[in-house]
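Below are the chains, spelled out letter by letter.
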Amino acid sequence: MQPENIDLVWVWSKLQAGIKTNKNDYHLMQLGYVNESNFPKIDTVVFRQLANRHIYFNTDFRSHKVQCLQQDPNVSLHWYSKEEKTQISIQAVAKIHHLDDVCREKWESMPLLSQECYHQVGNPGESYAADLATFDLSEKDAFENFTMIACEIKKMDVLLLRLGDNIRYIWSEGDDALKRVMA
Ligand SMILES: Cc1cc2nc3c(=O)[nH]c(=O)nc-3n(C[C@H](O)[C@H](O)[C@H](O)COP(=O)(O)O)c2cc1C
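Conventions we followed
Counting starts from 1 at the beginning of each chain's written sequence and moves along it residue by residue. Local features in this predicted model are restricted to residues whose pLDDT is 70 or higher, and side-chain atom pairs enter the listing and the counts only when it is 80 or higher, whereas totals over whole chains, interfaces and linings include all residues. The basis for every side-chain value is the complete set of heavy atoms in the structure, and neither hydrogens nor water enter the calculation. Within this document, salt bridges are pairs made up of a side-chain nitrogen of Lys or Arg and a carboxyl oxygen of Asp or Glu, the two lying within 4 Å of each other. Working definition: with a 1.4 Å probe on protein chains only, accessible area under 20% of the residue-type maximum means buried, over 50% means exposed, and in between means partly exposed. The helix and strand labels rest on DSSP assignments: H or I over at least four residues marks a helix, E over at least two residues marks a strand, and numbering proceeds from the N terminus. Here a residue is considered near a molecule or strand provided that any single heavy atom belonging to it is located within 4 Å of it. Any pair of N or O atoms that falls within 3.5 Å is considered a polar contact. Within protein, one atom must be able to donate a hydrogen and the other to accept it, and sequence-neighbouring residues count only if both atoms are side-chain atoms. Each accessible area is a Shrake-Rupley estimate made with a 1.4 Å probe; only the visible protein chains count as cover when residues are assessed. Note on definitions: the grid is 1 Å and covers protein atoms alone; a cavity is a set of points where a 1.4 Å probe fits but cannot get out; a pocket is an open set with protein on both sides within 12 Å along at least five of seven lines; lining residues have an atom within 4 Å of a point. Any molecule with more than half of its atoms within 2 Å of a cavity's or pocket's grid points is counted as sitting in it. We call Asp, Glu, Lys and Arg charged. Ala, Val, Leu, Ile, Met, Phe, Trp, Tyr, Cys and Pro are nonpolar, and the rest, Gly among them, are polar.

With that settled, the discussion passes to the pattern of salt bridges. Counted according to the given criterion, the structure contains 12 salt bridges. Among the salt bridges present, the one from Arg 62 reaches Asp 60, with a minimum N-O distance of 2.8 Å. When its relative accessible area of 9% is taken as the criterion, Asp 60 is described as buried. The partner of Arg 168 in a salt bridge is Asp 157, with the nearest N and O atoms 2.6 Å apart. Note that Arg 168 is positioned in strand S8 (residues 167–172) and Asp 157 in strand S7 (residues 146–160), a separation of 11 residues in sequence. Three or more residues are tied together by salt bridges with common partners; here these are Glu 4, Arg 162, Asp 165 and Arg 180.

Written as structure tokens, this is what we have:
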């Protein structure tokens, strides 16, 4: 049964559980942003970290989404946990970390297997060629591709499904607590 009353700590604890294991429904999030033609674009990304009301994911600096976020940093982040019957929807502003201390610290603690994709020769989205589909880039070049996106939470909308009696809370930056609204 869903709880009637939830608070910010409850939301953070649900999200934190998704970082710890890929078995958790909150491990993957949907990232919404706008592309250069002003079309909404949605990508699945792995939710990596939650700290100081920032949500982090990793990506390749050469990817199209980085160009889009450089132009317009407004993003939506979305999760639905089937197990918890809970939807969490966040509006945030993305900051791109590249070649800075934040990236360096994370890169050094990453397993080699997780670093592997940043060694790819071809850029994400480039026309396929067999010689580009290799992972031969040097450690230095791979690190130059590694990017962390920190999304500063501005608004949140949490919906808990309960048969015939859904529960919904919203929060905006500056609010002390979640506010209950009609579902
Ligand atoms: C399960 C899953 C997890 C993914 N995780 C990431 C991720 O953490 N970071 C990322 O950049 N792309 C991730 N992707 C790929 C993106 O959804 C997207 O297809 C890709 O980044 C292409 O984006 P681009 O248009 O910016 O090149 C993931 C895809 C799936 C299916």
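The rest of the description comes next.
Here we come to the site of the ligand. Within the structure, the ligand sits among Leu 28, Asp 43, Thr 44, Val 45, Val 46, Asn 58, Thr 59, Ser 63, His 64, Lys 65 and Pro 124. In this structure, an oxygen atom belonging to the ligand sits 3.0 Å away from a main-chain N or O atom of Val 46. Take Asn 58: an N or O atom from its main chain is 2.9 Å from a nitrogen atom of the ligand. When the ligand sits alone it has 610 Å² of accessible area, and the protein chains cover 59% of it. Here the ligand is seated within the largest pocket. The dominant element in the shell around the ligand, judged by the number of residues it contributes, is strand S2 (residues 40–46), at four residues. Within the shell around the ligand, the residues separate by chemical class into four nonpolar, five polar and two charged.

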